[in-house]
Amino acid sequence: MVKLKIDYPKTFAPISMAKGSTEQRLQLARLMNLRFYDNLQDVIKDKEVKPGTFKKVLKQTIGLPIRVDVVESRNPKAGRMLHILKGDGVASGYSIELPFTDYYKRIHQSSALIFLQETQKFFEEVLNPKFFKRFITMLGKGYDMKGITEFYQNNITNTQKLTAKSLDKFLQNKSAIQQIDILQFFRYQLLKEQNQCVGIKGIERGIARHTGLKYIHNDEFYQFKDNDFTEKFALLESRIKHLIRTERAKK
């Protein structure tokens, strides 16, 4: 098994800041992300901002010695937010991959919808240590994270349809502790995904306020009914509760 550690000061907010329920901390992540975008307006020049300046404003907004690298994305139409795992097995901070302009290699104002979704993920992770800690624990125990992630991608994320049959089949032959870990991991991933959906409306409003660009959607667009969040959470949480009750009854 791989022994992994986390550099907490460079990765997570202290308890004094990351307090309250998970829902409250996810809401705070959305609010801090919009505050970051407001702060960014002071340094945007000719509709562009240097990656170093973008990073500086992001760190000033969180107000913590969190490590964050802002690098160019290989995909000019998409971004990515990743945890940094160093060669010595220590997770320390984040890497945010964003589209850069071709010539000056800066971040253009027109990519705000992309970069604000990635910075929201950054704030979510900083304020919710248990999300990444669950992943690190499972990785350290030798779980098949590739297979677990693939199941999530093929059966849970976005508009994929999660069924009790497919879930139970995936969990069979795994110990109760393993099942609980995996189910909690799925639940945390789904919570983050739901928060991204909730955050879109505020992000689009912020962009409209600062640039005049308006997004036209009907009311149902922001409800994400096809994602079946309620049904998916109900199934995952019922399995978790059942396993916990069963394990406690054995003691």
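Above: the structure in question.
Residues numbered from 1 in each chain as written. Predicted model: local features only at pLDDT ≥ 70, side-chain atom pairs only at ≥ 80, totals over all residues. Heavy atoms only, no water.

S.K.: Please provide a residue-by-residue account of the pairing of strand β4 (residues 80-85), values included.
M.R.: Inspection of the sheet shows β4 paired to strand β5 (residues 90-98) by five bridges, in the antiparallel sense. The residue bridging Arg80 from the neighbouring strand is Glu97, located in β5. If you look at the hairpin formed by β4 and β5, you'll find four residues sitting between the two strands, and Gly89 has a positive phi there, around 80°. (Pairing = 2+ DSSP bridges. Helix = DSSP H or I, 4+ residues; strand = E, 2+ residues; numbered from the N terminus.)

S.K.: Just give me the short version of the nonpolar core, but keep the residues and values in it.
M.R.: In terms of nonpolar packing, the biggest core is built from 38 residues, with Leu40, Phe54, Phe115 and Phe122 touching the most fellow members. For this core, the secondary structure elements donating two or more residues are α2 (22-40), α3 (51-62), β3 (68-72), β5, α4 (112-127), α5 (129-140) and α8 (176-211). Among the elements that take part in this core, α4 stands out by supplying seven residues, more than any other. What Phe122 contacts, discounting residues up to four positions off in sequence, is Leu58, Ile66, Val68, Met81, Tyr94 and Ile96. Core analysis: the next-biggest nonpolar cluster, separate from the first, contains 29 residues, Ile148, Phe185, Phe229 and Leu236 among them. (Core = buried A, V, L, I, M, F, W, Y, C linked by side-chain atoms within 4.5 Å. Buried < 20%, exposed > 50% of the residue type's maximum accessible area, 1.4 Å probe, protein only. Contact = heavy atoms within 4.5 Å.)

S.K.: Got a sec to walk through helix α9 (residues 229-250)? Specific residues and values, please.
M.R.: Here α9 spans 32 Å end to end across 22 residues, near enough to the 32 Å set by a 1.5 Å rise per residue. Turning to α9, its buried residues number three or more, namely Phe229, Lys232, Phe233, Leu235, Leu236, Ile240 and Leu243. Buried residues of α9, viewed axially, fall in a sector of 165°; they line one side. Turned more than 90 degrees away from the buried face of α9, the exposed residues are Thr230, Glu231, Lys241, Arg245, Arg248 and Ala249. (Expected span 1.5 Å × (residues − 1). Arc of directions from axis to C-beta.)

S.K.: Please set out the pattern of salt bridges residue by residue, giving values where relevant.
M.R.: For the structure on display, the rule yields twelve salt bridges. For Glu125, the salt bridge identified is with Lys192, shortest N-O distance 2.8 Å. Within this pair, whereas Glu125 is found in helix α4, its partner Lys192 is found in helix α8, the two being separated by 67 residues in sequence. Accessibility classification places Glu125 together with Lys192 in one group, the buried group. Close ionic contact of Arg187 with Glu237 constitutes a salt bridge, the shortest N to O distance being 3.2 Å. Of this pair, Arg187 sits in helix α8 while Glu237 sits in helix α9, and the two are 50 residues apart along the sequence. Overall, Arg187 belongs to the partly exposed group, its relative accessible area being 22%. Taken together, the salt bridges that share partners define one network made up of Arg134, Lys141 and Asp181. (Salt bridge = Lys/Arg side-chain N within 4 Å of Asp/Glu carboxyl O.)

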